[in-house]
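Breakdown of the fold
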Amino acid sequence: MSASPPALELVGVAKSFGAIPVVRGVDLQIPAGERHAVIGPNGAGKSTLFNLVSGLFPLSGGDIRLRGRSIAGLPPHRINRSGLARSFQITNIFHRLSVFENLRIGVMARHGLRFGLFRPVARMRQVNEEARAILALVRLEARAEDLAGDLTYSEQRALEIGMTLTTGADVILLDEPTAGMSREETDRAVELIREVTAGKTLLMVEHDMSVVFSLCDRVSVLVYGEILATDTPERISANRAVQEAYLGEEPDESSGRDFGQDSGGEAAP
Ligand SMILES: Nc1ncnc2c1ncn2[C@@H]1O[C@H](COP(=O)(O)OP(=O)(O)OP(=O)(O)O)[C@@H](O)[C@H]1O
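Residues numbered from 1 in each chain as written. Predicted model: local features only at pLDDT ≥ 70, side-chain atom pairs only at ≥ 80, totals over all residues. Heavy atoms only, no water.

If you look the protein chain up in an unreviewed UniProt entry, it shows as Amino acid/amide ABC transporter ATP-binding protein 1, HAAT family from Tistlia consotensis USBA 355.

This is the structure in structure tokens:
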């Protein structure tokens, strides 16, 4: 055991909707700096797990700890301020503001600054610098002045990742960051995610095993609300129990999509 607590720790995490258990006692430790994927068949409880970690749903049981401190019961904005940011697909983006303004608002929020209030010039200079740095990191400099609503789908996803960075969080949750992207867009997104999460802790839901292989240190397989296995991508893809959990999903080495999903929004191959 290392001396420092895990960046993120789930202890016996449970969630029921009415009488129906959906997440059933999940234990998971993610050390600081690890990139970790949660995979699993449709309806396994992956989104619910993310909603529990980010504070959108109250726990039915167990505990969630960020750097050793419980965040159970905290509202999402408090969890966010504690250093955990989640990408909510494209819903965080103000479509009628420019790309730069979007990032600036995110950085301002972190500095406790709001529109319409007195804004000290020196702090605004710092805000602008930070926003520009994130703009470069997510490779949207050429689009800085364009409306966020005019970005392509994958550019919007990049902006969304940029918004999570504006919070300064060092634990990042990404929910299917490459869903709906072509192979080329996916490859670019993987590069971008690798760069922007360097030195941070990443927890992602991802269906595309080629993405998991190229990005993640470890993978957890969630089946019926329970973790079936946690291991390296290589060992997970060779695991018989995992293969059986994806009934009817033959490993497909040619596409790299070892464990396909029948979810709607995926890009055509
Ligand atoms: N708010 C809710 N109320 C009742 N049931 C819910 C709610 N949210 C999710 N569920 C149920 O919980 C189960 C797990 O759903 P969840 O969306 O977490 O699965 P998932 O693994 O993310 O699936 P997918 O890969 O299809 O997104 C499903 O049976 C779903 O119908």
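The rest of the description comes next.
A closer look at the pairing of strand 10 (residues 226-231)
Within a regular strand, the side chains alternate between the two sheet faces. Which entries qualify depends on this criterion: Strand pairing is assigned whenever DSSP detects at least two bridges linking the two strands. Put simply, DSSP H or I for four residues or longer makes a helix, DSSP E for two residues or longer makes a strand, and each gets a number counted from the N terminus.
Alignment of strand 9 (residues 218-223) against strand 10, held across five bridges, turns out to be antiparallel. Along strand 10, the bridge assignment pairs Val 219 with Asp 231. Once strand 9 ends, the chain turns through two residues before running back antiparallel as strand 10, passing Tyr 224 with a positive phi of about 50°.

Regarding the side chain of Ser 220
Note the threshold: Under this definition, polar contacts are N or O atom pairs within 3.5 Å; protein pairs additionally need one hydrogen-donor-capable and one acceptor-capable atom, and for neighbouring residues in sequence, both atoms have to be side-chain atoms. Two residues qualify as a contact provided that any one of their heavy atoms is within 4.5 Å of a heavy atom in the partner residue.
Within the secondary structure layout, Ser 220 lies in strand 9. A distance of 2.7 Å separates the side chain of Ser 220 from the side chain of Thr 230, its partner in a polar contact. If we ignore the near neighbours within four places in the chain, the residues touching Ser 220 are Leu 28, His 36, Ala 37, Val 38, Ile 39, Ile 227, Ala 229 and Thr 230.

Focus: the environment of Arg 86
Spelled out, the test is: Relative accessibility under 20% of the residue-type maximum defines a buried residue, over 50% an exposed one, and the middle range a partly exposed one, all with a 1.4 Å probe and only protein chains included.
Structurally, Arg 86 can be placed in strand 6 (residues 84-87). Judged by relative accessible area, Arg 86 falls into the buried class, the value being 9%. Separated by 85 residues in the primary sequence, Arg 86 and Val 171 place their C-alpha atoms 8.5 Å from one another. What Arg 86 contacts, discounting residues up to four positions off in sequence, is Phe 50, Asn 51, Ser 54, Leu 56, Asn 92, Glu 160, Thr 164, Leu 173 and Asp 175. Looking at Arg 86, its side chain comes within polar contact range of the side chain of Asn 51, at 2.7 Å. Side-chain polar atoms of Arg 86 contact the side chain of Ser 54, separated by 3.1 Å.

A closer look at the site of the ligand
What counts is decided by this rule: It suffices for a single heavy atom of a residue to lie within 4 Å of a molecule or strand for the residue to be listed as near it. Side-chain classes are defined by residue name, with Ala, Val, Leu, Ile, Met, Phe, Trp, Tyr, Cys and Pro counting as nonpolar, Asp, Glu, Lys and Arg as charged, and the others, Gly among them, as polar.
Looking at the ligand, there are twelve residues lining it, with Gly 43, Gly 45, Lys 46, Ser 47 and Thr 48 nearest. Between the ligand and the protein, one listed contact pairs an oxygen atom with a side-chain N or O atom of Asn 42 at 3.1 Å. With respect to the ligand, the backbone of Ser 47 contributes an N or O atom lying 2.8 Å from an oxygen atom. Across the shell around the ligand, the residue classes tally to four nonpolar, seven polar and one charged.

So, the sheet that holds strand 4 (residues 61-66)
Spelled out, the test is: For helices, the axis comes from a line fit to the C-alpha atoms of the stretch in contact; other axes are also lines fit to C-alpha atoms, and the angle between any two N-to-C directions lies between 0 and 180 degrees.
As summarised here, the arrangement of the four strands in space is 2-1-4-5, forming an open sheet in which the pairing is antiparallel. Only two strands of the sheet have a single neighbouring strand rather than two, namely strand 2 (20-30) and strand 5 (69-70). Two elements, strand 4 and strand 5, share two bridges in a ladder whose sense is antiparallel. Bridged to Leu 66 within strand 5 is Arg 69. Sheet contacts for helix 1 (residues 46-53): strand 1 (8-17), strand 2 and strand 4; angle to strand 1, the most-contacted strand, approximately 115°.

Looking at the packing of helix 5 (residues 153-166) against helix 6 (residues 183-196)
Applicable threshold: Here roughly perpendicular refers to angles of 65 to 115 degrees, roughly parallel to angles under 35, roughly antiparallel to angles over 145, and oblique to all remaining angles.
Packing of helix 5 against helix 6 brings their axes to within 11 Å, and their N-to-C directions diverge by 10°. In this view, helix 5 runs roughly parallel relative to helix 6, as classed from their interaxial angle. Facing Ser 154, Ala 158, Ile 161 and Leu 165 of helix 5, the residues of helix 6 in contact are Glu 185, Leu 192, Ile 193 and Val 196. Across the contact of helix 5 with helix 6, the residue classes break down as six nonpolar, one polar and one charged.

Looking at the packing of helix 3 (residues 99-110) against helix 5
Let me state the cut-off plainly: It is the rotation of the near helix from the far one that decides the hand of a crossing: anticlockwise by less than a right angle makes it left-handed, clockwise makes it right-handed.
Interhelical geometry of helix 3 versus helix 5 gives an angle of 20° and a closest axis separation of 8 Å. Overall, the two elements helix 3 and helix 5 adopt an arrangement that is roughly parallel. Here helix 3 runs over helix 5; the crossing is right-handed. Together, Val 99, Asn 102, Leu 103, Gly 106, Val 107 and Arg 110 of helix 3 and Leu 159, Gly 162, Met 163 and Thr 166 of helix 5 make up the contact between the two elements.

Notes on the nonpolar core
The criterion, for reference: The set of buried Ala, Val, Leu, Ile, Met, Phe, Trp, Tyr and Cys residues whose side-chain atoms join them within 4.5 Å is what this entry labels a nonpolar core.
Ile 39, Leu 159 and Met 204 are the most contacted members of the largest nonpolar core, which has 43 residues in total. Apart from residues lying up to four places away in sequence, Leu 159 is in contact with Ile 93, Val 99, Asn 102, Leu 103, Leu 140, Ala 148 and Leu 151. Core analysis: the second largest hydrophobic core is formed by 25 residues, Val 23, Val 26, Leu 84 and Val 171 among them.

Section: the sheet that holds strand 9
A sheet is described by the order of its strands in space; here six strands give the open sequence 6-7-8-3-9-10, paired in mixed fashion. The sheet is open, and its two edges are formed by strand 6 and strand 10, each paired on a single side. Across the sheet, the mean angle separating the axes of adjacent strands is 20° when strand polarity is ignored. Sheet topology note: the strand 3 (residues 35-39)/strand 9 ladder contains four bridges and is parallel. Across the sheet, His 36 pairs through a bridge with Arg 218, a residue of strand 9.

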